[in-house]
Amino acid sequence: MDFTKINSKVVRVDLMQSGPIIARRGAMLFYTGDVQFAPHGTPGGVGGSPGLGGLAGMAGRMMQGEHEATMIAQGKGTVHYGFKGLETHIVDMAAGGDLRVEASRLLAHTAGLQSSVVSANASPSGGGGGGLMGALRGAATGVVTGQGMFTTQLSGYGAAVLLAHGGVLELQVGGPAPVVVDPQAFVASYGPVRTELKSSTSWRNVGRTGGESMQLECTGQGIVYVQASEEKL
């Protein structure tokens, strides 16, 4: 395991063992040893050509919202990370695969993981969910869940640290019945997990009900991470 939990809100990483670490700006608490920090670039996008207007331009602007300023730490030393007193949860990705998590809920990850911004509506481990129009179809879900149209995807082998209110529960997906969670409590998913927003009311009533009847149905194979709170980060 690249990260070690010091307590529920702080993690430690030995750069000699983990290699470079990418973390959100402001997350470094203290370090020992010879460690260098530098700004890190924005993750890749969902595709599309620069300079496009209309829907493509709107999607590009929304993609920029799915990004937190990050710093890369490298060298020989130990770094401690935490953020605003939030609970942390380590995801071991030694087996590979994809982790999908909002940038605001991601504390840090090993630099060997490939980071990209994908449509929240896209199929796991594959494509862009129908290109630009597929991405735009995720807008309605994003408005209700508060997650937005786009999400961060980490792919490969390594480890990542999630942020949450009140701790994180790991729910196994893959049984005969789907796992259904409160959209506001949803933190992340690992593996080929598909999420679909369900409602017992008509779309015309969503604005009046405050989304309280909305549920996120999770199917496929993998793990869903849920926080013990409905509070946003």
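Just above sits the structure.
In what follows, the accompanying structure is described. (Residues numbered from 1 in each chain as written. Predicted model: local features only at pLDDT ≥ 70, side-chain atom pairs only at ≥ 80, totals over all residues. Heavy atoms only, no water.)

A look at the pattern of salt bridges
Now for step 1: What the rule picks out here adds up to three salt bridges.
Now for step 2: Two residues, Arg-105 and Glu-102, come together in a salt bridge whose shortest N-O distance is 3.9 Å. By the burial criterion, Arg-105 is buried, and Glu-102 matches it. (Salt bridge = Lys/Arg side-chain N within 4 Å of Asp/Glu carboxyl O. Buried < 20%, exposed > 50% of the residue type's maximum accessible area, 1.4 Å probe, protein only.)

Some thoughts on the nonpolar core
Now for step 1: Counting 19 residues, the largest nonpolar core has Phe-3, Val-11, Val-13, Leu-15, Ile-21, Tyr-81 and Leu-107 as its most contacted members.
Now for step 2: Among all residues touching Phe-3, those that are not within four sequence positions of it are Val-11, Arg-12, Val-13, Ile-21, Ile-90, Ala-108, His-109, Thr-110, Ala-159, Ala-160 and Val-161.
Now for step 3: Among the nonpolar cores identified, the runner-up in size contains 16 residues, and Val-91, Leu-162, Ala-188 and Tyr-225 belong to it. (Core = buried A, V, L, I, M, F, W, Y, C linked by side-chain atoms within 4.5 Å. Contact = heavy atoms within 4.5 Å.)

A word on the sheet that holds strand S7 (residues 98-101)
Now for step 1: Read from one edge of the open sheet, six strands run S9-S10-S7-S14-S17-S12, paired in antiparallel fashion. Both outer strands of the open sheet, strand S9 (114-119) and strand S12 (168-173), are each paired with one neighbouring strand and no more. With strand direction ignored, the average angle separating the axes of adjacent strands in the sheet is 25 degrees.
Now for step 2: Across six bridges, the pairing between S9 and strand S10 (residues 150-155) is antiparallel. Looking at the pairing, Val-118 lines up with Thr-151 of S10. (Pairing = 2+ DSSP bridges. Helix = DSSP H or I, 4+ residues; strand = E, 2+ residues; numbered from the N terminus. Axes fitted to C-alpha atoms, helices over the stretch in contact; angles between N-to-C directions.)

Remarks on unusual backbone geometry
Now for step 1: In this model, Lys-84 sits at a positive phi of 55 degrees, which is unusual for a non-glycine residue.
Now for step 2: Along the chain, Lys-84 turns up in the loop between strand S5 (70-81) and strand S6 (87-93).

A short note on the sheet that holds strand S13 (residues 179-181)
Now for step 1: Spatially, S13-S16-S15 is the arrangement adopted by the three strands of the open sheet, whose pairing is antiparallel. Of all strands in the sheet, those with a lone pairing partner are S13 and strand S15 (193-199), marking the two edges. Between one strand axis and the next, the sheet turns by 30 degrees as a mean value, whatever way the strands run.

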